[in-house]
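Observations on the model geometry
Listed below are the residues making up each chain.
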Amino acid sequence: MHFRSTRGDNTVTFDEAVIQGIADDGGLYLPDEMPEFSVEDFSDAASISEVAEILLQPFFESSVLSSSLGEIVAETFSFPVPVTVLPVKQGSAGLLELFHGPTAAFKDVGAGFLAACISRLEGDLDHPLTILVATSGDTGGAVAAAFNDRPGMRVVVLYPDGRVSDRQAHQLTCWGENVLSLAVQGSFDECQAMAKAALTDTALAGKYRFSSANSINIGRLLPQCIYYADASLRHYRNSGRKPGFVVPTGNLGNAVACCMARMFGLPIGEIVLATNANRTISDYLADGKWLPRDSIQTHASAMDVGNPSNMERLRFLFGEADELNRVVSAVSVGDAEIEDEIRRNFAEFGLVTCPHTATATFAWRQMSAEQRRASDWLLVATAHPAKFESTVEPIIGQAVPLPDAMQRILSRDRRFVEIEANLQSLAAALDARFSE
Ligand SMILES: *Cc1c(COP(=O)(O)O)cnc(C)c1O
């Protein structure tokens, strides 16, 4: 199997798609054919890693890594992905917990898998590959954690100084020799502009072998299909019913992965996208007009996206709004509703949810009784609430205990360099750390 851009017909191997990230024509890579599985194909798979090996095998046919798939999968799923059943009175609902990884958000899965692949493909002790990542908070920590101490690889994280939470700042700055954390005196947009400028600066890019690890890389998307496959298979085996999923959605990577898993034949029912007050997706599904806009800040900050890039994949796979409405539905959730929802989840279930996860429980709770009973629902929990303690703790009136993995990260020493928001400052910081 090969991979093809959403904007052209040229095909590339898995390895090329992962290394390039974005296609030359500006499009996003997708498999050029969709494998079809049945539930029986997974009957011998007892763990999420075994599900992953079966599901990913066709995509690795064109890869030099095919014989390493088992190792790559084991590195990616070094933490559990459990479902917690909720004590609801009618119907059935559970929480799919994607936050047990090193930085306590689902991005650890995609970042871990990508790091396992890229370091095998491109790691070079004499001339390391340098992953450049501009981050507004969550992504940079997951990428740094995933590449930390991998031989032949470096990571440079650019984040807007003073505009990420204290715990996020810690996760961005507590890594080993091969990670350079840069506290940029500017905005996230400026960080992104600097990363772009560096990637296209021939001299600098030649010296440091830049690459990016952003969320449009197919190497981050594919592994996200796995937890939908695993959770739906387990649910189906136990109950004989296909679960529906409610997915907190920003850039649409996690949601596209869920739709792809269903395309591959996994037992998945309805898919509902829960967004925050950024309404680009819900407006499009309602009136068919695709109107990207500036993002607005919300409690669910990792979903503050006004121009979700993975919509290009969704439209390519399923068509425009009228057809897409048959594939997914969307619910937009405001900040006041997120606050109420965090309070209600705690009062009714004793469950502490992060603001992103609260959009999913809201979307489920506002369904009609009929819709709630028509299917069993798995609500996707994308981050641990301790990561967003400044929002969550005042609402529930108590402290959220830190998970062990986060505790370990927060006990590491921080190390970072403050730089001005321009390319010269970035180049100087790179030379100071990495040039011999
Ligand atoms: C990134 C992120 C999201 C949004 O995921 P997309 O794939 O961009 O739609 C939701 N919740 C959390 C906690 C995130 O970090």
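Quick caveat, the model's predicted, so the values are computed rather than measured. Throughout, a residue's number is its position along its own chain's written sequence, starting from 1. Where totals are concerned, whole chains, interfaces and linings use all residues; where local detail is concerned, this predicted model gives features only for residues with pLDDT of at least 70, and gives and counts side-chain atom pairs only at 80 or more. In computing side-chain properties, one takes all heavy atoms of the structure into account and sets aside hydrogens as well as water.

Side-chain rings of Phe, Tyr and Trp (the six-membered ring for Trp) are treated as a pair once their centres are within 6.5 Å; stacked means planes under 30 degrees apart, edge-to-face means over 60, and tilted covers the remaining angles. Taken as a whole, this structure holds 11 aromatic pairs when the rule is applied. Seen from their ring centres, phenylalanine 3 and phenylalanine 59 are 6.4 Å apart, and the 35° between their planes marks the pair as tilted. Of this pair, phenylalanine 3 sits in strand β1 (residues 3–5) while phenylalanine 59 sits in the loop between α2 (48–56) and α3 (69–76), placing them 56 residues apart in sequence. Aromatic side chains phenylalanine 14 and phenylalanine 60 sit 4.5 Å apart centroid to centroid with 35° between the ring planes, which places their arrangement in the tilted category. Under the DSSP-based scheme used, a helix requires at least four consecutive residues in state H or I and a strand at least two consecutive residues in state E, with every element numbered from the N terminus.

A word on the side chain of glutamate 389. Relative to the elements of secondary structure, glutamate 389 occurs in helix α17 (residues 389–396). Classification of glutamate 389 as buried rests on a relative accessible area of 17%. Excluding residues that lie within four positions of it along the chain, glutamate 389 makes contacts with Arg167 and Pro394. Any residue under 20% of the maximum accessible area for its type is buried, any over 50% is exposed, and the rest in between are partly exposed; the area is computed with a 1.4 Å probe on protein chains only. Any two residues whose heavy atoms approach within 4.5 Å at even a single point are treated as in contact.

Here α2 has its buried residues at Ile48, Ser49, Val51, Ala52, Leu55 and Leu56. Down the axis of α2, the buried set is contained in an arc of 155°. They therefore lie on one face. Where α2 is buried, its residues contact α3, α4 (107–122) and α9 (218–239). It is the directions from the helix axis to the C-beta atoms that the arc portrays.

Nearness of a residue to a molecule or strand requires only that one of the residue's heavy atoms be within 4 Å of it. The local shell around the ligand holds 14 residues, among which Lys107, Asp138, Gly250, Asn251 and Thr382 are the closest. Polar contact is defined as a pair of N or O atoms within 3.5 Å, subject to the rule that within protein one atom must be able to donate a hydrogen and the other to accept it, and that residues adjacent in sequence are counted only when both atoms are side-chain atoms. Glycine 253 places a main-chain nitrogen or oxygen 3.1 Å from an oxygen atom of the ligand. Considering the ligand on its own, with 380 Å² of exposed area, one finds that the protein chains cover 96% of that surface. Tallied by class, the residues present in the shell around the ligand amount to 5 nonpolar, 7 polar and 2 charged. Residue burial considers only the protein chains on display, and all accessible areas are found by Shrake-Rupley using a 1.4 Å probe. Any residue that is not Ala, Val, Leu, Ile, Met, Phe, Trp, Tyr, Cys, Pro, Asp, Glu, Lys or Arg is counted as polar, Gly included; the first ten are nonpolar and the last four charged.

Shape descriptors only; they carry no functional weight alone.
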